[in-house]
Amino acid sequence: MKRRDFINLTAAGAAALALVGKPGSSRAFDMLLEDCRDLQRFDWFEAGPDGKLLLSDGVADEIIDFHTHIGLSFLATPHVDLGRRDEDPLTFFPVEGNPIDLSLYAADSFTEENAKTARKESVRQAYSIRGYASTHTPLNLLDMMDRTRVSKSVILAIDYPDGLSHNTKHYLKCSEMYDRLITFCSVHPHDAQVERKTLKFKEKGAVGMKLHPPNQLVRANNKKCMELTKMCGEIGLPCLFHSGHSPLSPQSLADYPAIKHFWEPVEKQPDTTFILAHGGMNMYKELIDLAVRHENVIIELSGQAPGPISEMIEAGLEDRMLFGSDWPYYVEALPLAKVLIGTEGKPEARKKILYDNGARLFEQMGVST
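What this report covers is the structure whose coordinates are included nearby. Small disclaimer: the values here were computed from a predicted structure and weren't measured.

## A few points about the side chain of Asp65
Here's step 1: In this structure, Asp65 sits in strand β4 (residues 63-68).
Here's step 2: Arg180 provides the closest opposite charge to the buried, unpaired Asp65, separated from it by 10 Å.
Here's step 3: If we skip the residues at most four places from it in the chain, Asp65 touches Val150, Lys152, Ser153, Val154, Phe323, Gly324, Ser325 and Glu332.

## Here's the deal with the nonpolar core
Here's step 1: By size, the foremost hydrophobic cluster in this structure holds 93 residues, and its most contacted members are Leu39, Phe42, Phe45, Phe241, Leu276 and Leu334.
Here's step 2: When residues of this core are assigned to their parent elements, the largest contribution, 7 residues, is made by helix α12 (residues 333-342).
Here's step 3: Once residues within four sequence positions are removed from consideration, Leu39 is found in contact with Leu33, Phe45, Leu53, Ala333, Leu334 and Ala337.
Here's step 4: Val154, Phe184, Ala359 and Phe362 belong to the second largest nonpolar core, which has 18 residues in total.

## Side note on the packing of helix α10 (residues 284-293) against helix α11 (residues 306-314)
Here's step 1: It is the contact of α10 with α11, at a shortest axis distance of 11 Å, that shows an interaxial angle of 20°. Taken as axis vectors, α10 and α11 run roughly parallel relative to one another. Here α10 runs over α11; the crossing is right-handed. Two secondary-structure elements touch here, α10 through Tyr284, Lys285 and Ile288 and α11 through Pro308, Glu311 and Met312.
Here's step 2: For the contact of α10 with α11, the per-class residue count stands at 4 nonpolar, no polar and 2 charged.

## Considering the pairing of strand β9 (residues 239-242)
Here's step 1: Side-chain alternation along β9 places Cys239 and Phe241 on one buried face and Leu240 and His242 on a second face that is also buried.
Here's step 2: Bridging between strand β8 (residues 208-211) and β9 involves 3 bridges; their strand directions are parallel. Within β9, the residue paired with Lys210 across the bridge is Leu240.
Here's step 3: Pairing analysis gives 4 bridges linking β9 to strand β10 (residues 274-277), with the strands arranged parallel. In the sheet register, Leu240 faces β10, and the bridge partner there is Ile275.

Criteria and thresholds
- Residues numbered from 1 in each chain as written.
- Predicted model: local features only at pLDDT ≥ 70, side-chain atom pairs only at ≥ 80, totals over all residues.
- Heavy atoms only, no water.
- Helix = DSSP H or I, 4+ residues; strand = E, 2+ residues; numbered from the N terminus.
- Buried < 20%, exposed > 50% of the residue type's maximum accessible area, 1.4 Å probe, protein only.
- Lys, Arg positive; Asp, Glu negative; His and termini not counted.
- Salt bridge = Lys/Arg side-chain N within 4 Å of Asp/Glu carboxyl O.
- Contact = heavy atoms within 4.5 Å.
- Core = buried A, V, L, I, M, F, W, Y, C linked by side-chain atoms within 4.5 Å.
- Axes fitted to C-alpha atoms, helices over the stretch in contact; angles between N-to-C directions.
- Parallel < 35°, antiparallel > 145°, perpendicular 65-115°, else oblique.
- Left-handed = near helix turned anticlockwise from the far one by under 90°.
- Nonpolar A, V, L, I, M, F, W, Y, C, P; charged D, E, K, R; others polar.
- Pairing = 2+ DSSP bridges.

The structure is reproduced here in structure tokens:
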């Protein structure tokens, strides 16, 4: 797709240029990019000696990334090599050759061809160590972090019940080797040993719980899921949920991460911290309503667009918003650019989102910053 063909791809892209007129905004931004390399047009980024994106001086002294993964493994597939480093690790959203509309949720910019590749490579993890996932190693993540001044990243495991996967164990090994990577464990709510596994993972160093409703086929208000989140609240593990329907996910799964299913557990379990990832994607307005009414809700922003991020700040939620990249789905610079645009003219909110809020949450979890 040529840039001239992409200009009129969405009405949202044109509307996003109106950011220049919003309170606190000091400049206009062209939301339409050739690809991720084109982020260099913003003075927040520059090309390093190897041509890869770097965060420029003066943008942020330190950043905490609350949403990353290393390669996942399912069934009998071997785990990724914790000591492997690649010159060009493969992100699901390609660095080159995919136009971007920054005014949209990140996954909405996938071309049809690249979306097919991303789906194929995601499924491939279930039966093969080859392909994209083999490059999703901690050393490749740490290299990315160094380029964007990320001091610590939360790595989010996803597991299935009764021995179908063992990602949490591998992630905990990763955290032992690399102390900048902080593990959120994963226990499926329908696992026969849910309580034992949760307590064991916490003892081994996990500081939070990751739940993925569309992948694990369980809603937040499911009885077993609520039993798990209640226990997490009692033992001090915040629960980070995938929220909102991704355009890469089948429509048949759209109801699982709907915001309406979070109201019951959030209201009935005030001692549990619910971190809702991706800013609710297409359901961000419902998430804003939920978070405004309940202080035990924190919004993680990975992939969310500048407009919704600005709306969340205007709703008074800047103390409960976290930066996340969702690496290796995206290079960290892409979701970071969306946050920087959404916080233009709001330096205090930007600092809170990029570092302060995450550091405060880490302190509550006993993680040094």
